[in-house]
Amino acid sequence: MDAIVLVGLGVTAALLALTLRSQRPEMAMLLSLAVGLMIFAMLSGKLSEIVEVMRALGDTAALPGGTILLLVRVVGVSYITEFAAQLCRDAGEGGIAAKVELGGRLLVLGMSIPILIALMQMMLELIP
Amino acid sequence: MDIDLIFKIAGIGILVSVLGQVLTRTGREDMAMLTTLAGLVIVLLMVVNLISQLFNTVKSMFIY
């Protein structure tokens, strides 16, 4: 049932955006932004369940430190940057989209530095 | 999730473009520009609420 609602929403929004694009391109962009946000709001329930399951798995596996928490955070950051980058590309601003993606990558890299360090130390201990 | 927001935005867009055409035909270019601006601001306000909702859900879900 949910798939049908999703598909219906997407198709109608695309059609409406098309009619708007000829006269009012900025309205069409706002329309696509609104649809993207609405679809995400519809999916947020399922997404939070998945995040809870991942956290439960992380606890059972007793991973060091907040690895799962960091993983979930990285997914959140990458989702938002991808959302914004695609929106900029829709509006015809490829340059801005590339900058947003670059920023997103740097953020993710910055967040995963501690894990890299922990990995390096683990490797050094293995080598006698 | 209220789906009718999309139809509201599309309706405003079409209305503004029609009004703009009518106003420009009758020689009132400035009024046409103002109506376009007004339509844009209304739609922006509606979308800004949705954006803040998105960021709150993402923040509460991904806890950062």
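Worth saying up front: this structure is predicted, and the values here are computed from it rather than measured.

Thoughts on the side chain of Ser-17 of chain B
Tracing the sequence through the fold places Ser-17 of chain B in helix H1 (residues 4–25). In this view, Ser-17 of chain B contacts Gln-23 and Arg-24 of chain A; residues no more than four positions away in its chain are not counted.

Examining the interface of chain A and chain B
Listed as interface residues are 29 residues of chain A and, on the opposing side, 30 residues of chain B. Across the interface of chain A and chain B, roughly 2800 Å² is buried in total on both sides, 87% from carbon and sulfur atoms. Together, Met-27, Leu-37 and Met-38 of chain A form the three largest contributors to the area buried by chain A at its contact with chain B, with a combined 20%. Taken together, the connections running from chain A to chain B amount to zero salt bridges. On inspection of chain A and its partner chain B, the count reaches one residue pair in polar contact (both at pLDDT 80 or more). When contributions to the side of chain A that touches chain B are tallied by element, the ones reaching two or more residues are helix H1 (2–23), helix H2 (25–61) and helix H3 (67–90) of chain A. Looking at which element gives the most residues to the side of chain A that touches chain B, the answer is H2 of chain A, with 17 residues.

Concerning the domain arrangement of chain A
Residues and elements named next belong to chain A. What the domain assignment lists for chain A is domain 1 (1–44) and domain 2 (46–128). Taking only C-alpha atoms into account, the centre of domain 1 sits 27 Å from that of domain 2. Carbon and sulfur atoms supply 66% of the area that domain 1 and domain 2 bury against each other, a total of about 800 Å² over both sides. Of all residues in domain 1, Met-29, Phe-40 and Ser-44 give up the largest surface area on contact with domain 2, accounting jointly for 45% of the area buried on that side. At the surface where domain 1 touches domain 2, the tally comes to one salt bridge. The salt bridge partner of Lys-46 is Asp-2, with a shortest N-O separation of 2.7 Å. Looking at the side of domain 1 that touches domain 2, the elements that each hand over two or more residues are H1 and H2.

Thoughts on the pattern of salt bridges
All names here are of chain A. Per the counting criterion, the structure on display carries four salt bridges over all chains. For Arg-105, the salt bridge goes to Glu-101, with nearest N and O atoms at 3.9 Å. With a gap of four residues between them, Arg-105 and Glu-101 both fall in helix H4 (residues 94–126), about one helical turn apart. Judged by relative accessible area, which is 54%, Arg-105 ranks as exposed. Looking at Glu-101, the relative accessible area reads 26%, which means it is partly exposed.

Rules of the game
- Residues numbered from 1 in each chain as written.
- Chains lettered and ligands numbered in written order.
- Predicted model: local features only at pLDDT ≥ 70, side-chain atom pairs only at ≥ 80, totals over all residues.
- Heavy atoms only, no water.
- Helix = DSSP H or I, 4+ residues; strand = E, 2+ residues; numbered from the N terminus.
- Contact = heavy atoms within 4.5 Å.
- Buried area = accessible area lost by both parts, 1.4 Å probe.
- Salt bridge = Lys/Arg side-chain N within 4 Å of Asp/Glu carboxyl O.
- Polar contact = N/O pair within 3.5 Å; in protein donor to acceptor, adjacent residues only side chain to side chain.
- Domains from an automatic or database assignment.
- Buried < 20%, exposed > 50% of the residue type's maximum accessible area, 1.4 Å probe, protein only.

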